[in-house]
Amino acid sequence: MIDTKVKDCIIIGGGIAGLQAAIQLGRYSAYDVLVIDRGTGRSTICKSYRNILGWPDGVSGEELRQRGRKQAEAVGVAFAADDIRKAERDEARHFVLTGKDGAQYRARTLLLATGLMDRFPELPGLMSTLGSSVFVCPDCDGYEIQNRKTVVMGSGDPGASMALLLSERTRDITYVNHEGKPASSEHMRQLAELGIPYVEKKVAEIRSEESGIISAVVLEDGSLLPAERGFISFGGNSIYSELAEQLGAELEHNRHVITDPRSKMTSVEWLWAAGDLGVHSELTTVAMGEGATAAIWINKTLKQLTGKSAMQSDGCGGESE
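Residues numbered from 1 in each chain as written. Predicted model: local features only at pLDDT ≥ 70, side-chain atom pairs only at ≥ 80, totals over all residues. Heavy atoms only, no water.

## Things to note about the packing of aromatic side chains
And step 1. Taken as a whole, this structure holds 2 aromatic pairs when the rule is applied.
And step 2. A ring pair is formed by Phe-135 and Phe-231, whose centres lie 5.7 Å apart and whose planes are at 55°; its orientation type is tilted. With Phe-135 in strand β8 (residues 134-135) and Phe-231 in strand β15 (residues 229-233), this residue pair connects regions lying 96 residues apart in the sequence. An identical accessibility class is assigned to Phe-135 and Phe-231; each is buried.
And step 3. The lysine or arginine in question, Arg-89, covers the ring of Phe-95, its NZ or CZ lying 4.0 Å from the ring centre.
And step 4. Between Lys-300 and the ring centre of Trp-297, over which it is positioned, the NZ or CZ distance is 5.1 Å. (Phe/Tyr/Trp six-rings, centres within 6.5 Å; stacked < 30°, edge-to-face > 60°. Helix = DSSP H or I, 4+ residues; strand = E, 2+ residues; numbered from the N terminus. Buried < 20%, exposed > 50% of the residue type's maximum accessible area, 1.4 Å probe, protein only. Lys NZ or Arg CZ within 6 Å of the ring centre and 35° of its normal.)

## Quick word on helix α1 (residues 16-26)
Given 3.6 residues per turn, any residue in an α-helix points the same way as the ones three and four places further on.
And step 1. Burial of α1 is extensive: 9 of the 11 residues sit out of reach of the surface.
And step 2. Among all positions in α1, only Ile-16, Ala-17, Gly-18, Leu-19, Ala-21, Ala-22, Ile-23, Leu-25 and Gly-26 are buried.

## Some thoughts on unusual backbone geometry
And step 1. Here Ser-29, not a glycine, exhibits a phi torsion of approximately 60°, which is positive.
And step 2. The topology assignment puts Ser-29 in the loop between α1 and β2 (33-37).
And step 3. By relative accessible area, Ser-29 is classed as exposed at 59%.
And step 4. Of note in the backbone geometry, Asn-147 takes a positive phi value of approximately 55° without being a glycine.
And step 5. Within the fold, Asn-147 resides in the loop between α4 (138-141) and β9 (150-154).
And step 6. Here Asn-147 falls in the exposed class, since its relative accessible area comes to 64%.

## So, the sheet that holds strand β12 (residues 203-208)
And step 1. Reading across the sheet, the 3 strands line up as β12-β13-β14 and stay open at both edges, with antiparallel pairing between neighbours. If you trace the sheet from one side to the other, it starts and ends with β12 and β14 (224-226), each paired once. Pairs of neighbouring strands in the sheet enclose a mean axial angle of 20°, with direction left out of account.
And step 2. In terms of strand pairing, strand β13 (residues 214-219) meets β14 through 3 bridges, oriented antiparallel. Within β14, the residue paired with Val-217 across the bridge is Leu-225. (Pairing = 2+ DSSP bridges. Axes fitted to C-alpha atoms, helices over the stretch in contact; angles between N-to-C directions.)

Encoded structure:
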């Protein structure tokens, strides 16, 4: 299938940043906007964000995605389920996107909100606790382990670094080096100085209560480490920047996409990136802000490209050109 109609903007990624951008663009009431989503990402596995304004008791990533899509559809944004594998520009400088089964889409402007995914092994019991009592982001969820018995499960230096960082939140913390990769002598020295137990054994199981609250980590030798909270840090996260690279966007050494801090545009004209794909703190709330910021500047560009006059108020969100 080839969609010959050129969209004003295509957003790749239906997570938090992509949805916030879609809502903002839809509210300009002037553009043909399409969100292409493959239905995966960090937000699909988080069971409770507790650091978002208005959600003190938490909200799941899935609920945010469902609400966000409904809100975007209400202002005219369309959605397609696909996994974009190829991105290029044609003679008219339109973005040409090809999905996994060959479907093609075209757009004047493109926002990449493809995000990242943490690397972690298949540990029995992990998925039922991940995002509710076992966490990945100390900025998002460090508060959740305050003065609680916590087990960090990881690999080598990434896990050791996480345990050291989280020791600011609780003194009752253990680091389990599941993969057995060596940690640096400096990290080992710091762990010892802080009295953080170091265990170099594989995790056999994560036990939890019905509510998804971790109760213990079972090691390969059958020994139990009681736990109230957990963190994982294995390193080697997958940054979904392949499409940005295909289009020639500048990447950081760790494959995050470099963007203009003011507009979120990449080094490629009319190509934006927002959310965990970019260089930021990987907070959900930051992703929302980046999505909205990118949309504001996409609107500015589209007004020039299409000659349309979008309904807007520059009094709060728009900056002068």
